[in-house]
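# An overview of the molecular structure
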Amino acid sequence: MDPFRPYLAAFAARFQLTLQYRTAAIAGFGTQCWWGVIKIMVLAAFFAGSPGRQPISLEHVVTYTWLGQAFLIFLPWNGDPDVAEMVRSGAVAYDRLRPIDTHGWWYARALAWTTARVAPRAALMFAFAALVLPLVGLGRWSLRPPADLPAAALFALSIAGVALLSASIVVLINVIIVATLDDRGANLLVAPFSNLLSGSIVPLALFPDWLRPALRLQPFAGLVDTPFRIYFGDMAGWQALGGIGLQLGWAVLLAGLGRWWVGRVMDRLQVQGG
Amino acid sequence: MAPQIVVDGLTKSYRVAERDAGVAGAVRGLFRRRYRTVEALRSVSFTLEAGELLGFIGPNGAGKSTTIKILSGILRPTSGRVMIDGLVPYEDRIAHVGRIGVVFGQRTQLWWDLPVVEGFDLLRDIYRVDPARYRRTRDELVALLGLEKLLGQPVRQLSLGQRMRAEIAAALLHEPRLLFLDEPTIGLDAPAKLAVRQFVGRLNRERGVTVLLTTHDMHDIEALAQRVIVIGNGVVLADTPFERLRAEGLADLGPEVDPERETMAIEEVVARFYAHHGAAEI
């Protein structure tokens, strides 16, 4: 394990640090519940108001929304705030004093940063939407269980894929931040893509037929659309494995792009000065 | 045996974007960028033998930090050659930085939110230090630098003096044979400065660690360095034993310097030296 020691250590340290922010987790959970309710109300009104048959049932849309809220933090909206802070303070170059691969280092930290925030929020959201809501008589609006046992297992696998893909994208945003020396531009640019193209705001199933195949091939689909369709059993067996393969393929490809780009940006810093 | 560090004809120039003052200048800058070339280093050459303790002094903006950054591998010189223990720092970065220790007095390299001891553990894994060996080195450093009570505190809660001692320990956990200290005593109170000086002196004498130290505090130099390099306007102005710099400077000041002014004198000597070479900023 020696080659991975620095990166595992970075992951563990950042995971523990991030997990300490309990207030943020509870506040985030509250906000995500609130937004979940609003989204469900809007989608319910949309379903009630349109006479034709919809591509997915209201029941699925409700579950889809709660799942989306549970795993919302996986959506890459920002680069790593630590990296943004280093850019402001001019300390990026000092990461280069360590005998490690900068991309791997950032990747491990990004992975820890997202997963440590998702874990408590997702646990709370499942407890609320799957257990509390039925108990208080709102079963119609609750989070339903996955289609079957294989679907649940594949879903878990696919969530791991989401984590890896999300970290790849976060590191790419980091590189843009370092290259442009400002975090606002990159963060502003990526959020709409993440939100819309992942299927987080509107499920990709509700997009027009001609657009859907292309939407499902692009990387952001792997963040929401793929795992959630696996959850419903909409993608099963080989098809589900293919979906997970696509997620991982994008994760590897984007990480490779990030790695190449970090190298270039760092070479430039080495020339221009930190 | 070849010197541990060979620096030969180092130059470094930056391109800085410039614009005229005011709104009109800003608008003009949108269409046509003007660049000014800043020459941070014009020609720096020196060698350093293993086990030496070299003081690197010079006025602000002289090129000290740029030199240290090149030697530690995070900057690439515009021209010239550096060889440290058989490696070119900016070309074999990972191999090189694994063998050196660096402390920047104005920066924190420890993670701000982590307790000191966890920051040390993280460095153990970053440098892939054998755990048993790490424990021995860490306990030794903790005892020598008096860090026992600080280990459980997050770095952000430390005072500057405490933090600097922790930073120095952090730079030595992987037992480097070469240590770069860039203004390690900046902003420290007298006891903290003394602690840092004593420790660095011992490290050099007893362990034979080669030290390259930059500072504006001439007492650091006086207490530690056998040899000083004075750098100004990007060139080496003097490379001499410290005693000689001082003796020549005192002679220049004339006979009116009485021994009571001795402590004042060293600052004065250096200030005169900078001014004499047109290197001072003011």
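Scope of this entry: the structure provided in the associated data block. All values derive from a computational prediction rather than experimental measurement.

### Brief notes about the overall build of chain A
For chain A, the count of helices and strands is ten helices and zero strands. Radius of gyration (C-alpha) of chain A: 20 Å, near the 19 Å computed for a compact globule of 274 residues. When each of the 274 residues of chain A is scored for burial, the buried share is 41%. Sequence-distant contacts in chain A: of pairs separated by 6 or more residues, those separated by 24 or more amount to 81%.

### Notes on the overall build of chain B
For chain B, the count of helices and strands is ten helices and nine strands. Taken against the 2.2 N^0.38 rule, which gives 19 Å for 282 residues, the C-alpha radius of gyration of chain B at 21 Å falls within 12% of a compact globule. Among the 282 residues that make up chain B, the fraction classed as buried is 41%. Considering only residue pairs separated by 6 or more positions, chain B has 70% of its internal contacts joining residues 24 or more positions apart.

### Re unusual backbone geometry
All names here are of chain B. One non-glycine residue with positive phi stands out, namely R128, at about 55°. Here R128 is to be found in the loop between helix 4 (116–126) and helix 5 (131–145). Positioned with a positive phi, E175 is a non-glycine residue whose angle comes to about 50°. Of note, E175 is situated in the loop between helix 6 (160–172) and strand 6 (178–182).

### Some points on the nonpolar core
Within soluble globular proteins, side chains that are nonpolar tend to cluster in buried spots. If you look at the biggest cluster of nonpolar residues, it comprises 145 residues, and the most contacted ones within it are F71 of chain A together with A169 and L213 of chain B. Sorting elements by how many residues they give to this core places helix 6 (residues 149–180) of chain A first, with 15 residues.

### Structural notes on the environment of L250 of chain B
Residue and element names in this part refer to chain B. Mapped onto the elements of the fold, L250 is located in helix 9 (residues 242–253). Given 17 C-beta atoms within 10 Å, L250 falls into the partly exposed group. Through-space distance from the C-alpha of L250 to that of V270 is 9.9 Å; in sequence the pair is 20 residues apart.

### What about the pairing of strand 9 (residues 235–241) of chain B?
Residue and element names in this part refer to chain B. Alignment of strand 8 (residues 227–232) against strand 9, held across six bridges, turns out to be antiparallel. From the neighbouring strand, V228 faces strand 9, where its bridge partner is T240. Hairpin geometry of strand 8 and strand 9 is characterised by an intervening segment of two residues between the two adjacent antiparallel strands and by a positive phi of about 50° at N233.

The rules behind these values
- Residues numbered from 1 in each chain as written.
- Chains lettered and ligands numbered in written order.
- Predicted model: local features only at pLDDT ≥ 70, side-chain atom pairs only at ≥ 80, totals over all residues.
- Helix = DSSP H or I, 4+ residues; strand = E, 2+ residues; numbered from the N terminus.
- Rg over C-alpha atoms; globule rule 2.2 N^0.38 Å.
- Buried ≥ 20, exposed ≤ 12 C-beta atoms within 10 Å, placed from the backbone.
- Contact = placed C-beta atoms within 7 Å.
- Core = buried A, V, L, I, M, F, W, Y, C linked by C-beta atoms within 7 Å.
- Pairing = 2+ DSSP bridges.

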